[in-house]
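Here's the letter readout for the chains.
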Amino acid sequence: MEDIRNMTVGECVLFGGERWKCDSIVAARKTVGSIAFILSIVAFFFICLYRLWRSLADRQIIYLWFGGFLLSIVGFFDAPPDNGNSSSCQFSGWFLGLADWMWITAMFLITLHTFMLTVRRRALVEIGTAGELFYHGASFGIPLFIASLPWIGSAFGPAGMWCWISEDEIGWRFADWYVPIWLLLIVIVVLYIITIYKINKKRSDPGESEANQSVKRLYGQAKRLMFYPGVQLIVIIIPTIHRIHNAVSSEGVYGLMLLHAICGPFQVIGIVAVFGITLYYRIKQNELPALSTTMKKLWATIRCQSEPPPVEVQNRVQNVENGNVNYGNEIAAKEDGLGNQA
């Protein structure tokens, strides 16, 4: 039996000592993580370009983006060092848990918000109220709290090819990840099915939605958000199978570990792809200005800030700063000149 708890940087005891398999897993994780990191930066550029933080639905995408950004950073972390239970490995394991919980919390809140828009025809919270502040606090506070719980039992450590909750802490793995994550996924699936059913039902009854513009707007937001949980549901399958396998067997499976290694950053790629598709359709439906128009405005703003003003304006500003201009006399002179012309 190949004990994955003996995996270190200096040696590869997994897969019968075939070092190329260990190296390929590390390389694949870092490669996909690099792609995810670059795409995260691109997505952030478009978020800033279109100022996609004005509605609660758009802000939820920012939370999801932030969780994905953290996941892309995790892809750069090295395998556990020779002294696996080091402080750096523990921090890496905690950071991975925080990124995962940031991601899944944002996904759950997006699903819940979509459900409220579709079924209850109202937003989850009203923008600009105390409820929104509580919502934002929960988006960050809940992941931070849950991810930090394993510190109580000093449970962070080597978890195969990377650091997380160590192999010896099976109880912490189930209590802090497996059980709550699957309960949330079940709730997400149920809300997801109800949301799809309601949207399809309203689509077959266009009279009601056309009569009420606010209903159309709410359903438009719901349709934009409903695809994000689908990415999570697809990508979470392989990591769950792999960790369940770890719980019942200490033998490393190369295919499972390789797929698990790239699933984390691949979530980010999937979410950026959904973001790009929804952004494209929002532009096509004239909800947002065309990309060329937005880029022209950005370039004009940059030129205005970088190019110096005309010489006349510079001289006027200099005279004002030196106190050489008397605006009262200047205005009176102008009025007198206009009067003479009349």
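Please refer to the structure higher up on the page.
If you're wondering where the values come from, they're calculated on a predicted model, not measured in any experiment. (Residues numbered from 1 in each chain as written. Predicted model: local features only at pLDDT ≥ 70, side-chain atom pairs only at ≥ 80, totals over all residues. Heavy atoms only, no water.)

Points about the pattern of salt bridges
Applying the stated criterion across every chain yields a total of 2 salt bridges. Across the pair R282 and D58 runs a salt bridge whose closest N-O atoms are separated by 3.0 Å. One end of the pair, R282, is in helix 10 (residues 254-284); the other, D58, is in helix 2 (residues 56-74), and 224 residues separate them in sequence. Look at D58 and you get buried, because its relative accessible area is 10%. (Salt bridge = Lys/Arg side-chain N within 4 Å of Asp/Glu carboxyl O. Helix = DSSP H or I, 4+ residues; strand = E, 2+ residues; numbered from the N terminus. Buried < 20%, exposed > 50% of the residue type's maximum accessible area, 1.4 Å probe, protein only.)

Some points on the side chain of R173
Looking at the secondary structure, you find R173 in helix 5 (residues 170-203). On the accessibility criterion, R173 (1% relative accessible area) is buried. Dropping the residues within four chain positions of it, R173 is found in contact with A159, W164, I165, S166, E167, Y178, R243 and N246. (Contact = heavy atoms within 4.5 Å.)

What to know about the packing of helix 2 against helix 10
Where helix 2 meets helix 10, the axes come as close as 8 Å, and the angle between the chain directions of the two elements is 150°. Put simply, helix 2 runs roughly antiparallel to helix 10. Considering only the axes of helix 2 and helix 10, their crossing is left-handed. In this structure, helix 2 contributes D58, I61, L64, G68, L71 and S72 to the contact, and helix 10 contributes G264, Q267, V268, I271, F275 and R282. Classifying every residue of the contact of helix 2 with helix 10 gives 6 nonpolar, 4 polar and 2 charged. (Axes fitted to C-alpha atoms, helices over the stretch in contact; angles between N-to-C directions. Parallel < 35°, antiparallel > 145°, perpendicular 65-115°, else oblique. Left-handed = near helix turned anticlockwise from the far one by under 90°. Nonpolar A, V, L, I, M, F, W, Y, C, P; charged D, E, K, R; others polar.)

Examining the state of the cysteines
Taken as a whole and judged by the stated rule, the model has 1 disulfide. Disulfide partner of C89: C163, at an S-S distance of 2.0 Å. What sets the handedness of the C89 and C163 disulfide is the S-S torsion sign, and at about -110° it is left-handed. With C89 in helix 3 (residues 87-120) and C163 in strand 2 (residues 163-165), this pair connects stretches of sequence that are 74 residues apart. (Disulfide = S-S within 2.5 Å.)

As for the environment of W177
Topologically, W177 is positioned in helix 5. Classification of W177 as buried rests on a relative accessible area of 11%. In sequence terms W177 and I165 are 12 residues apart; their C-alpha atoms lie 9.6 Å from each other. Those residues within four positions of W177 in sequence are excluded, and the remaining contacts are D100, W101, W164, W172 and I236.

Considering the side chain of H242
Within the secondary structure layout, H242 lies in helix 9 (residues 237-248). With relative accessibility at 3%, the residue H242 sits in the buried group. Beyond its immediate sequence surroundings of up to four residues, H242 is in contact with L256, M257 and H260.

Some words on the nonpolar core
Grouped together as the largest cluster of nonpolar side chains are 63 residues, with contacts concentrated most on L64, Y228, I271 and F275. Broken down by secondary-structure element, the contributors of at least two residues to this core are helix 1 (19-49), helix 2, helix 3, helix 4 (130-148), strand 2, helix 5, helix 8 (227-235) and helix 10. The element that contributes the greatest number of residues to this core is helix 3, accounting for 13 residues. In contact with F275, other than residues within four places in its own chain, are A43, F46, I47, L52, I61 and Y228. Counting residues in hydrophobic clusters, the runner-up holds 5 residues, among them L117, Y192, I199 and M226. (Core = buried A, V, L, I, M, F, W, Y, C linked by side-chain atoms within 4.5 Å.)

Notes on the packing of aromatic side chains
Within this structure, the stated rule accounts for 13 aromatic pairs. Where F44 meets W65, the ring centres are 4.9 Å apart and the plane angle is 25°; that geometry is what we call stacked. One end of the pair, F44, is in helix 1; the other, W65, is in helix 2, and 21 residues separate them in sequence. F44 gets classed as partly exposed once you look at its relative accessible area, which sits at 38%. Taken together, a centroid distance of 5.3 Å and an interplanar angle of 15° make the contact between W65 and F69 stacked. Linking W65 with F69, this pair stays in helix 2, spanning 4 residues, or about one helical turn. When sorted by exposure, W65 lands in the same class as F69, which is buried. Each member of the aromatic cluster is reached from another via a ring pair, and the members are F37, F44, Y63, W65, F66, F69 and F140. In this structure, K21 is placed above the aromatic ring of Y254, and the distance from its NZ or CZ to the ring centre is 5.4 Å. (Phe/Tyr/Trp six-rings, centres within 6.5 Å; stacked < 30°, edge-to-face > 60°. Lys NZ or Arg CZ within 6 Å of the ring centre and 35° of its normal.)

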